[in-house]
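Spelled out, the chains give:
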Amino acid sequence: MEDENKAKKIINGIIIIIIVTLVIVLGIIIYKNIQIKLNNDRFNTYIKNNNYQKNENGIYTKTINTENGNTIYQAIIDQYLLTKQQTTSTDTKFTSIITSYKLDGTIETSYKLEGYTSDGNIGTLYQKSTYKNNEFKCEIINNNGFKTQCPKMKEEAQKFEKEINEIFEENNINVKYITLKDKNAVE
């Protein structure tokens with residue numbers, strides 16, 4: 001009889017542990033889903049309030065024209081949450097800097113420069129870089145006549161990181177709960 005009572009107590013204890021574990025796991029899942037919905041809604045509100053327009057490819061875009069070019073912001077494009085493309089054009093050169101923020105905090109930058117070099121020849125430069133946690137890696141893909149632009153790319157990545165962090169802070173967005181494809185996205 002004593003052995004039977006011990007067995008019942010052990011079984012009851014195991015059942016209670018299983019129930020408590022299930023409640024905790026369910027609570028974590030519910031909390032995570034609430035955070036995902038809340039942060040996606042906040043990000044979508046940011047997009048809507050900052051005049052992004054959805055194009056035919058489903059990408060939210062905002063363009064700011066400048067004297068010698070323009071800046072195009074894009075949201076939710078491929079694996080990037082936000083992208084900033086700056087282009088400038090003069091009589092002798094065309095420059096494009098694309099800076100993109102991935103959900104893991106990596107900032108990728110590509111830099112293209114085409115035009116006349118200092119010695120009057122036509123040249124091209126194409127570079128890519130990554131920036132995360134103050135670590136910067138720059139790679140020259142093609143260079144024909146121009147100085148490397150790695151310092152400029154690092155500066156642009158740092159400025160974009162600051163800009164992104166301000167957006168998240170001002171809009172109370174926790175990026176770790178953002179999803180790139182959200183069925184509740186702004187229309």
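It should be noted that the structure appears before, not after, this text.
Residues numbered from 1 in each chain as written. Predicted model: local features only at pLDDT ≥ 70, side-chain atom pairs only at ≥ 80, totals over all residues. Heavy atoms only, no water.

**Q** Which parts of the structure should I look at to understand the nonpolar core?
**A** Proteins that are soluble and globular tend to have nonpolar side chains buried together. In this structure, Phe43 and Leu82 are the most contacted members of the largest nonpolar core, which totals 21 residues. The set of elements that each furnish at least two residues to this core consists of helix H1 (2-49), strand E3 (69-77), strand E4 (80-89) and helix H2 (150-170). Sequence-distant contacts of phenylalanine 43, that is, excluding residues within four places in its chain, are made with Ala75, Ile76, Leu81, Leu82, Ile173 and Ile178. Core analysis: the next-biggest nonpolar cluster, separate from the first, contains six residues, Ile97, Tyr111, Phe146 and Met153 among them. (Core = buried A, V, L, I, M, F, W, Y, C linked by side-chain atoms within 4.5 Å. Buried < 20%, exposed > 50% of the residue type's maximum accessible area, 1.4 Å probe, protein only. Helix = DSSP H or I, 4+ residues; strand = E, 2+ residues; numbered from the N terminus. Contact = heavy atoms within 4.5 Å.)

**Q** Please explain the state of the cysteines as it appears in this structure.
**A** Two cysteines joined by a covalent bond between their sulfur atoms form a disulfide. For the structure shown, the criterion picks out one disulfide. A sulfur-sulfur distance of 2.0 Å marks the disulfide that ties cysteine 138 to cysteine 150. Between cysteine 138 and cysteine 150, the S-S torsion sits near -80 degrees, and that sign places the bridge as left-handed. Placement of cysteine 138 in strand E8 (residues 135-144) and of cysteine 150 in helix H2 is noted, with a sequence separation of twelve residues between them. The buried category is assigned to cysteine 150, whose relative accessible area is 17%. (Disulfide = S-S within 2.5 Å.)

**Q** Can you walk me through a nonpolar patch on the surface in this structure?
**A** Taken together, Ile10, Ile14, Ile18 and Leu22 make up a surface patch of nonpolar side chains, about 390 Å² in accessible area. Mapped onto the secondary structure, isoleucine 18 falls in helix H1. Residue isoleucine 18 is classed as partly exposed on the basis of its relative accessible area, which comes to 45%. (Patch = residues over 30% accessible without salt bridge, like charges linked within 9 Å, V, L, I, M, F, W, Y side chains within 5 Å. Areas by Shrake-Rupley, 256 points an atom, 1.4 Å probe, with all protein chains shown as cover. Salt bridge = Lys/Arg side-chain N within 4 Å of Asp/Glu carboxyl O.)

**Q** Help me out: how do you make sense of the pairing of strand E6 (residues 107-116) in this one?
**A** A regular strand places its side chains so that they alternate between the two faces of the sheet. Alignment of strand E5 (residues 93-102) against E6, held across nine bridges, turns out to be antiparallel. Residue isoleucine 97 lies in a different strand from E6, and its bridge partner there is tyrosine 111. Linking E5 to E6, which pair antiparallel, is a turn of four residues; within it glycine 105 sits at a positive phi near 95 degrees. Direction of pairing for E6 relative to strand E7 (residues 122-132): antiparallel, over a ladder of ten bridges. Paired with glycine 115 across the bridge in E7 is glycine 123. Count of turn residues in the E6/E7 antiparallel hairpin: five residues, of which glycine 120 carries a positive phi of about 90 degrees. (Pairing = 2+ DSSP bridges.)

**Q** So what exactly am I meant to see when it comes to H1 here?
**A** Structurally, the α-helix is built with 3.6 residues per turn, so residues lying three or four positions apart point the same way. A rise of 1.5 Å per residue sets the reference length of H1, with its 48 residues, at 70 Å; its end C-alpha atoms lie 70 Å apart and thus fit the reference within 8%. Of all the positions in H1, only Gln35, Asn39, Asn40, Phe43, Asn44, Tyr46 and Ile47 are classed as buried. Those residues of H1 that are buried are in contact with strand E2 (60-65), E3, E4 and H2. Remark: asparagine 51 follows H1 within two positions and exhibits a positive phi of approximately 60 degrees. (Expected span 1.5 Å × (residues − 1).)

**Q** How should I be thinking about the sheet that holds E2 in this particular structure?
**A** To summarise the sheet geometry, strands pair through backbone hydrogen bonds and adopt either a parallel or an antiparallel arrangement. One open sheet holds the eight strands; their spatial order is E1-E2-E3-E4-E5-E6-E7-E8, and the pairing between them is antiparallel. Bordering the open sheet on either side are strand E1 (53-54) and E8, each of which pairs with just one other strand. Here E1 runs beside E2; their pairing, made up of two bridges, is antiparallel. Note on E2: the bridge partner recorded for glutamine 53 is threonine 61. Each of E2, E3 and E4 is contacted by H1, which is oriented at about 155 degrees to E3, the strand it contacts most. (Axes fitted to C-alpha atoms, helices over the stretch in contact; angles between N-to-C directions.)

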